[in-house]
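Observations on chain architecture
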Amino acid sequence: MLTKFETKSNRVKGLSFHSKRPWILASLHSGVIQLWDYRMGTLIDRFDEHDGPVRGVHFHNSQPLFVSGGDDYKIKVWNYKLHRCLFTLLGHLDYIRTVQFHHENPWIVSASDDQTIRIWNWQSRTCISVLTGHNHYVMCASFHPKEDIVVSASLDQTVRVWDIGSLKRKAGPPSDDILRLSQMNTDLFGGVDAVVKYVLEGHDRGVNWAAFHPTLPLIVSGADDRQVKLWRMNDTKAWEVDTLRGHMNNVSCVMFHAKQDIIVSNSEDKSIRVWDATKRTGIQTFRREHDRFWILATHPEMNLLAAGHDSGMIVFKLERERPAFAVSGDCLFYAKDRFLRYYEFSTQRETQVLTIRRPGSLTLNQSPKTLSYSASENAVLLCSDVEGGSYELYTISKDGAFIGRGDMQEPKKGLGGSAVFVARNRFAVLDKTSNQVLVKNLKNELVKKSALPIATDAIFYAGTGNLLCRSEDRVFIFDLQQRLVIGDLQTPFIKYVVWSNDMESVALLSKHAIVIASKKLVHQCTLHETIRVKSGAWDENGIFIYTTLNHIKYCLPNGDSGIIKTLDVPIYITKVVGNTIFCLGRDGKNRAIAIDATEYIFKLSLLKKRYDHVMNMIKNSQLCGQAMIAYLQQKGFPEVALHFVKDERIRFNLALESGNIQIAVASATAIDEKDHWYRLGVEALRQGNAGIVEYAYQRTKNFERLSFLYLITGNVEKLAKMLKIAEVKNDVMGQFHNALYMGDVRERVKILENVGHLHLAYITAKVHGLHDVAERLAAELGDDLPSLPEGKKPSLLMPPSPVITSGDWPLLRVMRGIFEGGFSNIEHDAEEEEYEAADGDWGEELDMVDVDGIQNGDISAILDDGEPGEEDDGEGGWELEDLELPPEAETPKASGTRSSVFVAPTPGMPVSQIWIQKSSLAADHAAAGNFDTAMRLLNRQLGIKNFTPLRSIFLDLHTSSHSYLRAFSSAPVISLAVERGWSESSSPNVRGPPALPFKLSQLDEKLKAGYKSTTAGKFTEALKTFTSILHTIPLIVVESRREVDDVKELIIIVKEYVLGLQMELKRREIKDNPARQQELAAYFTHCNLQTPHLRLALLNAMTVCYKAKNLATAANFARRLLETNPTVENHAKTARQVLGAAEKNMTDTTQLNYDFRNPFVVCGATYVPIYRGQKDVSCPYCTARFVLSQEGQLCTVCDLAVVGADASGLLCSPSQIR
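Residues numbered from 1 in each chain as written. Predicted model: local features only at pLDDT ≥ 70, side-chain atom pairs only at ≥ 80, totals over all residues. Heavy atoms only, no water.

1. Observations regarding the overall build of the chain
What counts, and what does not: Numbering of helices and strands runs from the N terminus; a helix is a DSSP stretch of H or I covering at least four residues, while a strand is a stretch of E covering at least two. Per-residue accessibility, obtained with a 1.4 Å probe over protein chains only, is compared with the maximum for each type, and a residue is labelled buried under 20%, exposed over 50%, and partly exposed between these values. Each accessible area value is a Shrake-Rupley result obtained with a 1.4 Å probe; residue values ignore everything except the protein chains displayed when judging cover.
A count of helical and extended segments in the chain gives 28 helices and 62 strands. Out of the 1218 residues in the chain, the part that is buried amounts to 51%. Just so you have it, the chain exposes about 57700 Å², and 50% of that area is on carbon and sulfur atoms.

Rendered as structure tokens:
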């Protein structure tokens, strides 16, 4: 059983499939009717008007209606589009068991516990016949799909067949009184419209269900005697054919399958049983743990069944309908019915190749599940679930009879989970029990066995000699030659695998997801679908075309997807060629579907930056719609979207987004709303297009902004006009601001005086030295004169002069973008009105090349329509009340010619970005300020995890590779990159790597300083010096390979000293453990030190051991000391004395963890010896060794890396990368 959908609810008593849509009605014991979409798995609606259980429900086959009958004696007819009950049919006197629409007439048949069956006309809403004769509850009644008969089953142990032919003849309203009288009699006493044709007796208990065969004269019934009986009928009589036994409890429902020769029954014994209708034997049984089954439904068109039980219902199929197929070049091999067939894509011709033997066993799901084809050997492998998984190998004859007679052939067989060809004449079989792959030849002989490293439940082809293996939550590619896993990937449970034609990409299909990966299983994208994914194939452009249950869709390499076509029935794609999809239907028929590939080819061209294709497609095809515009906008191509759009508001938004001022002006003029002009002004200001800014502010009468614009562009004459406008509008603040912007003191005093601020007017006049005005005001104020501060010197406040006082910002000439020139012939010419533009009176003109051709509209807007120069106030006006002012400017002209184009240049790449792109050295990334990638590189190369000690070094690298210049006081500081290896002859356009403060020579100096401190016995200071060398080395950069070797050698030297000094300092801390003191002193002598330091370490260890009476050990140190030929005579003398004393008594009083005869290294964390042959782990950076328990801990020697971490090794020179 293949469960397609399952619900959890109250007990389900009635079920009905919709004939066209993927819907099913379920009526519940609680009185609710649910409408489910079984394909999406969603509840569409619920109908809740019945009082008590609803036992019967049925969809009409063409109208948007369904009928329900319940324990409230009511039959309700509902319209699911209107979501309501249309009417209720009353007449039954007890529970209603089943209801059903007639397939042609407007009739409903209902069966009830009142021992009657009623036939209703749902158009006239009357009962047209009552069928009496049963003497117990009638459990079900249904119309024959073609003939005028009804079958019913009752607890009186009979099945009855009724002839309702007379009803058809009598259809139509009674016209006269006599007929109406007979109609009343019929209603009261039951008429003779329907007569019993046969009574089928044979069950020993009450019969729960009876159903007709869709085409043959057969009836099947199920009863409380646990039996399913098969009856046959002819024109005169009906008889029992056979009894199917097997259920352990009451049989609640039984039906013929709509498509196959199968009977399906369910029972209160919690099982569904499938029987062979011809052989009349059981084929299969499906059981539930706790739920009794009550009802079955079969889909009228599709191979679907549904069953209702105590806690919900299931929609299921009895067996897979997907044909097994394999594509090889231009041909397709597929299994249909009992034949292997061949289809040629180019000629669309199909032929039968050979007959596949099917086993005689009576179980379902025996058809082949997968098919694998070897083209060179013309051999086919078929895998099925027979015997728990087996394969059959057929060889197709190579002569002309290849496409032959469909002859019989005895295949070579074997058991195995799945089998695929892996080479010309080799195939692999999965043995699930031992988790091995068996490679066999075409004679079915075992050639080789390979154990798989991960538990695998299926194998797929992955190129010659490779297998793609599937486990529960991942897939991996296994190389059968080397017995290695080449790549693996975590995925949902994969059902199908589709390789691209060049074997570079693979699509992994699971139930609800598609994972696209490379041939080494490097993840590229994942796509999630709510509806089941069924099949897929790659087209020649590298786009994956796939089907779900109801759509053909595409998936681009970046994970974008979309719908190509909607499907009525599921199909299985076999090949995609250009605009044709070849597919197999569930019926095993080949189809070629023509599709429109424009949308996805367009998106692919955008993705691959093939802008010439994009241009062509826009010009020649009907690509439009909101979805495409939104896609272009989202992907950062608003200028392309602009050419699809007619709506002015959308055009305006897209034009602003792409910085196309021309189109924005045209759209703003068409829309003419304040908000749009304001937004246009903001964008024009950003682009420095002063003419448009001015025009936008004028259109919105935004005088404050206009004044400020004139101030920053230094247009004093227009400021004077703004002052007059403010005066006319009686806007005091506007007047005052304009006077302030112009530096007109007399005007300011006049404004203050006019509004009554005499004190302020007096102070302004006095400070600015306007004595005549000041005296006049003083006379007016009399004694109330404000006092000015003593000893303060006033300074004149004047507006600053702008840097550039002419027109728009200067623009650079850059190449026209691909999309800007390309659309000139599809511009909205009609919408681009001609706007007059003349040279404004903005001071002298900016000397620019071909001002007309500036792309984003270099537009000079003017307030006058006369020639530049002197202004005559009386020439026209802004039509303000009564003041005559120059006329409002015309809309600036979006320039017409397009010969040379000016647009702002795209910013270049910052130097820091170039450094990062060019280098894999952590130091270069840190210098560029990209600490994150520097840390990632160090982690990958050296396993470093603790970056705290490196913080100051990172900051030093960053600051020292940049220099800073101050520009204007108001402008930000400009940072300059300092490059290493720069010379006068360097090309100005080629950026060198960053200059770095740390050099190998400095580290050599530090090393010498460390040696010096060690000799002097300043161990803490020496340790600090050596540790700082270890911390600097990861971020050092050298030029030659020889220097790289020097750096690696330096790490080893410094590591030895750090370890030794750490042990010595630890020894000095220990006071109460003489044995441990001796051990640490002994280990120190085994560090790789310079000879002078080794002598001091040996002398130290000898002294410590001698004092502790460990004479044998002390003698060993004395001997080693003498071997170094000590230069200090005193040291040699002491050593000889110790040797002499020890020879008399060669014993140790304390047992030490120290065996000098057995070579060892010292663990950097626990300071214990790791003798040769013992397992250890090392630090990936400083190579210090550790006992196994330290794996995953921070290295105590370098304090940077994680012990035992994976790392690729030190990278400190560009020469290592070349």
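2. Some details on the sheet that holds strand 46 (residues 494-499)
Put simply, the test is: For two strands to be treated as a pair, DSSP must find at least two bridges joining them. Axes here refer to lines fitted to C-alpha atoms; in helices the fit is confined to the stretch in contact. Angles between the N-to-C directions go from 0 to 180 degrees.
The antiparallel open sheet is built from 4 strands, whose spatial order is 46-47-48-49. For this open sheet the edge positions go to strand 46 and strand 49 (523-528), each flanked by a neighbour on one side alone. On average, each strand axis in the sheet is tilted by 20 degrees relative to the strand beside it, whichever way the strands run. Here strand 48 (residues 513-518) pairs with strand 49 via 5 bridges, running antiparallel. For V515, the partnering residue across the bridge sits in strand 49 and is T526.

3. Overview of the pairing of strand 20 (residues 227-233)
When you tally the buried positions in strand 20, you get 6 out of 7 residues, the bulk of the element. Adjacent in sequence and paired antiparallel, strand 19 (residues 218-223) and strand 20 are bridged by 3 residues, among which R226 carries a positive phi angle near 70 degrees. Across 7 bridges, strand 20 lies against strand 21 (residues 238-245) in antiparallel orientation. Residue pairing across strands places Q227 opposite R245, the latter belonging to strand 21. Hairpin connection, strand 20 to strand 21: the antiparallel pair is bridged by 4 residues.

4. Concerning the side chain of S19
The following threshold applies: For the purposes of these results, a polar contact is taken to be a pair of N or O atoms within 3.5 Å, where, inside protein, one atom must be able to donate a hydrogen and its partner to accept one; residues adjacent in sequence count only when each atom of the pair is a side-chain atom.
By the element assignment, S19 lies in the loop between strand 2 (12-17) and strand 3 (23-28). Owing to a relative accessible area of 11%, S19 belongs among the buried residues under this scheme. For S19, the side chain forms a polar contact with the main-chain oxygen of N61, separated by 3.4 Å.

5. Here we look at unusual backbone geometry
Here the phi dihedral of Q348 falls at roughly 55 degrees; this positive angle occurs in a residue that is not glycine. Turning to its location among the elements, Q348 is positioned in the loop between strand 31 (339-344) and strand 32 (349-355). A relative accessible area of 46% means that Q348 is categorised as partly exposed. At R483, a residue that is not glycine, the phi angle is positive and equals roughly 55 degrees. Looking at the secondary structure, you find R483 in the loop between strand 44 (474-479) and strand 45 (484-490).

6. As for the pairing of strand 30 (residues 331-336)
Within strand 30, 5 of the 6 residues are buried, leaving the element largely enclosed by the surrounding structure. One ladder, built from 4 bridges, connects strand 29 (residues 325-328) with strand 30; its direction is antiparallel. Its bridge partner lying in strand 30, S328 is registered against C331. Counted between consecutive antiparallel strands, the loop separating strand 29 from strand 30 contains 2 residues, among which G329 sits at a positive phi close to 60 degrees.

7. A look at the packing of helix 27 (residues 1111-1123) against helix 28 (residues 1129-1144)
The test is simple: By the definition used in this description, the sense in which the near helix is turned from the far one sets the handedness, with an anticlockwise turn below a right angle giving left-handed and a clockwise turn giving right-handed. The criterion used for residue contact is that any of the two residues' heavy atoms lie within 4.5 Å. Following the grouping adopted for this structure description, the nonpolar residues are Ala, Val, Leu, Ile, Met, Phe, Trp, Tyr, Cys and Pro, the charged ones are Asp, Glu, Lys and Arg, and the polar ones are all others, Gly among them.
Taken N-terminus to C-terminus, the directions of helix 27 and helix 28 make an angle of 145 degrees; their axes are 9 Å apart at the nearest point. In this structure, the crossing between helix 27 and helix 28 has a hand that is left-handed. Contacts between helix 27 and helix 28 involve L1111, A1114, A1115, A1118, R1119, L1121 and L1122 on the former and, on the latter, H1131, A1132, A1135, R1136, V1138, L1139 and A1142. When the residues that make up the contact of helix 27 with helix 28 are grouped by side-chain class, the tally is 11 nonpolar, 1 polar and 2 charged.

8. Digging into the sheet that holds strand 1 (residues 2-8)
Strand order in the open sheet made by the 4 strands is 1-28-27-26, with antiparallel pairing throughout. Strands at the two margins of the open sheet, each flanked by one partner only, are strand 1 and strand 26 (293-298). Neighbour-to-neighbour, the strand axes of the sheet open up by a mean angle of 15 degrees, direction not taken into account. Relative to strand 27 (residues 305-309), strand 26 runs antiparallel, the two sharing 5 bridges. Of the residues in strand 27, the one forming a bridge with I295 is G308.

9. Some details on helix 11 (residues 703-713)
Residues F703, L706, S707, L709, Y710, L711 and T713 constitute the buried set of helix 11. Residue G714 follows helix 11 closely and has a positive phi angle near 75 degrees.

10. Overview of a nonpolar patch on the surface
Just so we agree on the cut-off: Patch criteria: residues need more than 30% relative accessible area and no salt bridge. Like-charged residues are merged within 9 Å; nonpolar side chains of Val, Leu, Ile, Met, Phe, Trp and Tyr are merged within 5 Å. Just to be clear on terms, a salt bridge is a Lys or Arg side-chain nitrogen sitting within 4 Å of an Asp or Glu carboxyl oxygen.
The grouping of L965, I974 and L976 at the surface amounts to a nonpolar patch, some 240 Å² of accessible area in total. Following the sequence through the fold, I974 ends up in strand 58 (residues 974-977). Judged by relative accessible area, which is 42%, I974 ranks as partly exposed.

11. What to know about the UniProt feature "repeat: WD" (unreviewed entry) in the chain
Quick note on the threshold: UniProt positions are given in the numbering used here, feature names are shortened, and annotations may be inferred rather than shown by experiment.
Taken from the UniProt record, the annotation "repeat: WD" (unreviewed entry) applies to residues 47-88, 89-130, 131-164, 200-241 and 244-285. Taken as a whole, residues 131-164 contains 0% helix and 59% strand, while its terminal C-alpha atoms sit 10 Å from one another.

12. Points about helix 27
Because each turn of an α-helix spans 3.6 residues, side chains separated by three or four positions end up pointing in the same direction. To be explicit about the condition: Expected span of a helix: the number of residues minus one, times 1.5 Å.
The terminal C-alpha atoms of helix 27 lie 18 Å apart, and with 13 residues this matches the ideal 18 Å at 1.5 Å per residue to within 8%. What helix 27 keeps buried is the set L1111, T1113, A1114, A1115, N1116, F1117, A1118, R1120 and L1121. Elements that come into contact with the buried residues of helix 27 comprise helix 25 (1074-1084), helix 26 (1091-1107) and helix 28. Positive backbone phi, at 50 degrees, marks N1125, one or two positions downstream of helix 27.

13. Thoughts on the nonpolar core
The condition that has to hold: Residues belong to one nonpolar core when they are buried, are Ala, Val, Leu, Ile, Met, Phe, Trp, Tyr or Cys, and are joined through side-chain atoms within 4.5 Å.
Core analysis: the largest hydrophobic core is formed by 91 residues, its most contacted members being F1026, Y1181 and C1182. The element best represented in this core is helix 24 (residues 1041-1069), accounting for 11 residues.

14. Quick word on the packing of aromatic side chains
For the record, the criterion: For Phe, Tyr and Trp, rings pair up if their centres lie within 6.5 Å, where Trp contributes its six-membered ring, and each pair is then called stacked (planes under 30 degrees apart), edge-to-face (over 60) or tilted (otherwise). As a reminder, the over-ring test applies to NZ of lysine and CZ of arginine, requiring each to be within 6 Å of the ring centre and within 35 degrees of the ring normal.
Counted by the stated rule, this structure contains 32 aromatic pairs. Among the aromatic residues, those joined into a cluster by ring pairs are W23, F47, F59, F66, W78 and Y80. Above the plane of the ring of W294 lies K13, whose end atom (NZ or CZ) is 4.0 Å from the centre. Taking the ring centre of W239 as reference, the NZ or CZ of K237 above it sits at 5.3 Å.

15. Quick word on the pattern of salt bridges
Summed over all chains, the structure comprises 38 salt bridges. One salt bridge in this structure joins E240 and K229, with 3.0 Å as the shortest N-O distance. Taken together, the positions of E240 in strand 21 and K229 in strand 20 put the pair 11 residues apart, joining distant regions of the chain. Overall, the relative accessible area of 4% leaves K229 in the buried class. With a shortest N-O distance of 3.2 Å, E504 and K519 are connected by a salt bridge. Of this pair, E504 sits in the loop between strand 46 and strand 47 (505-510) while K519 is found in the loop between strand 48 and strand 49, placing the two residues 15 residues apart along the sequence. A relative accessible area of 37% means that E504 is categorised as partly exposed. By relative accessible area, K519 is classed as partly exposed at 40%. Here the salt bridges do not stand alone but share partners, grouping E6, K8, R288 and D291 into one network.

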